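Take a look at the letters that make up each chain.
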Amino acid sequence: MRIDILTLFPGLFESPFQISIIKRAVEKRLCEIHLHDIRDYSTDKHKSVDDYAFGGGAGMVMMIQPIEALILKLKAERNYDEIIYMTPDAKVFTQKEANRLSMSQNLMILCGHYKGVDQRIRDHYITHEISIGDYVLTGGELAAAVVVDSVVRLIPGVLSDETSALTDSHQDGLLSPPVYTRPANYKGWEVPGILLSGNEKKINEWRENQSMEITRKIRPDLFDK
Ligand code: 6GU
């Protein structure tokens, strides 16, 4: 998979993609992540990337020109499965979406800043919009890093058996059961005995029950979906 990220702040992605699972996915050549600085595509003599909103109001709007130049350059090089715009005014990202996007060959992700991008970019180039939750971030970069992380770990070969995605919270629509490791008794805090029994069938039943109970308690809304 190839992911192109269009941003005014490429530096924000440096550390998240240079650590752990994403780093390994890139090293194993299972994915390529390319960062593009939108400002490099401004033809303006001051390299402007934003301007005041028509109609007034606080906050700047990202201009069409540099974004379009960058999108057109990339589109001329390959076909994109989706051209995604990160914005709080979109449907909220889910595991189902992560699963779907993980089957892509090429993804382009545009990160919004300030008041967002000129609507005409959305109308004419964007094929999919993502918010990561009902709260506001300074820009789309951290949200894009979240989406990339959740998608890249699902690419076949990225996770080992031990880190398998199949048992993740949300993968089956439920929250995960509690987990424990050595020691079995720490200061008198004991691990549930069933987990030490070696009875795989009983252990799986216990985990399923815990999943249901925890989901009912913390996220009952997941049962409605
Ligand atoms: Cl994608 N962008 C911004 N700026 N804020 C957000 C978001 C995205 N998702 C949730 N909040």
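Predicted, not measured: the structure shown is a model, and the values here were computed from it.

1. Here we look at the side chain of Arg2
Consideration 1: You can see Arg2 is positioned in strand β1 (residues 2-7).
Consideration 2: A polar side-chain atom of Arg2 sits 2.8 Å from a polar atom in the side chain of Asp4.
Consideration 3: Only 3.4 Å separates the side chain of Arg2 from the side chain of His34, close enough to count as a polar contact.
Consideration 4: For Arg2, the contacting residues outside a window of four places in its chain are Glu32, His34, Leu74, Arg78, Tyr80, Gln105, Asn106 and Leu107.

2. Thoughts on the site of the ligand
Consideration 1: Inspection of the region around the ligand gives Met86, Thr87, Pro88, Ile130, Ser131, Ile132, Gly133, Tyr135, Leu137, Gly139, Gly140 and Ala143 as its neighbouring residues.
Consideration 2: Coverage of the ligand by the protein chains reaches 96% of its 290 Å² of free accessible surface.
Consideration 3: Classifying every residue of the shell around the ligand by side-chain character gives seven nonpolar, five polar and no charged.

3. Focus on the nonpolar core
Consideration 1: Counting 30 residues, the largest nonpolar core has Ile3, Ile5, Phe17, Met86, Ile109, Val148 and Val152 as the members making the most contacts within it.
Consideration 2: Elements supplying a minimum of two residues to this core: β1, α1 (20-27), β5 (82-86), α3 (95-101), β6 (106-111) and α5 (141-152).
Consideration 3: Counting residues per element, this core draws most heavily on α5, which supplies seven residues.
Consideration 4: Beyond its immediate stretch of four places on either side in the chain, Val152 contacts Ile3, Ile22, Ala25, Cys31 and Val158.
Consideration 5: Formed by 18 residues, the second largest nonpolar core is a distinct cluster that contains Met62, Ile67, Ile71 and Ile126.

4. With respect to the packing of aromatic side chains
How two aromatic rings sit relative to each other is given by the distance of their centres and the angle of their planes.
Consideration 1: All chains considered together, the criterion is met by two aromatic pairs.
Consideration 2: An angle of 55° between the planes, with centres 5.6 Å apart, marks the rings of Tyr186 and Trp189 as tilted.
Consideration 3: The exposed category is assigned to Trp189, whose relative accessible area is 59%.

5. Some thoughts on the pattern of salt bridges
Any two side chains of opposite charge can pair, so long as their charged atoms come close to each other.
Consideration 1: For the structure on display, the rule yields 13 salt bridges.
Consideration 2: Of the charged contacts, one joins Asp89 and Arg122 as a salt bridge, the two residues approaching to 3.2 Å between their closest N and O atoms. You can see Asp89 sitting in the loop between β5 and α3 and its partner Arg122 sitting in helix α4 (residues 119-124), a full 33 residues away along the chain.
Consideration 3: When salt bridges with common partners are traced through the structure, they connect Arg2, Asp4, Glu32, Lys73, Glu77 and Arg78 into a single cluster.

Cut-off values and rules
- Residues numbered from 1 in each chain as written.
- Predicted model: local features only at pLDDT ≥ 70, side-chain atom pairs only at ≥ 80, totals over all residues.
- Heavy atoms only, no water.
- Helix = DSSP H or I, 4+ residues; strand = E, 2+ residues; numbered from the N terminus.
- Polar contact = N/O pair within 3.5 Å; in protein donor to acceptor, adjacent residues only side chain to side chain.
- Contact = heavy atoms within 4.5 Å.
- Near = heavy atom within 4 Å.
- Areas by Shrake-Rupley, 256 points an atom, 1.4 Å probe, with all protein chains shown as cover.
- Nonpolar A, V, L, I, M, F, W, Y, C, P; charged D, E, K, R; others polar.
- Core = buried A, V, L, I, M, F, W, Y, C linked by side-chain atoms within 4.5 Å.
- Buried < 20%, exposed > 50% of the residue type's maximum accessible area, 1.4 Å probe, protein only.
- Phe/Tyr/Trp six-rings, centres within 6.5 Å; stacked < 30°, edge-to-face > 60°.
- Salt bridge = Lys/Arg side-chain N within 4 Å of Asp/Glu carboxyl O.

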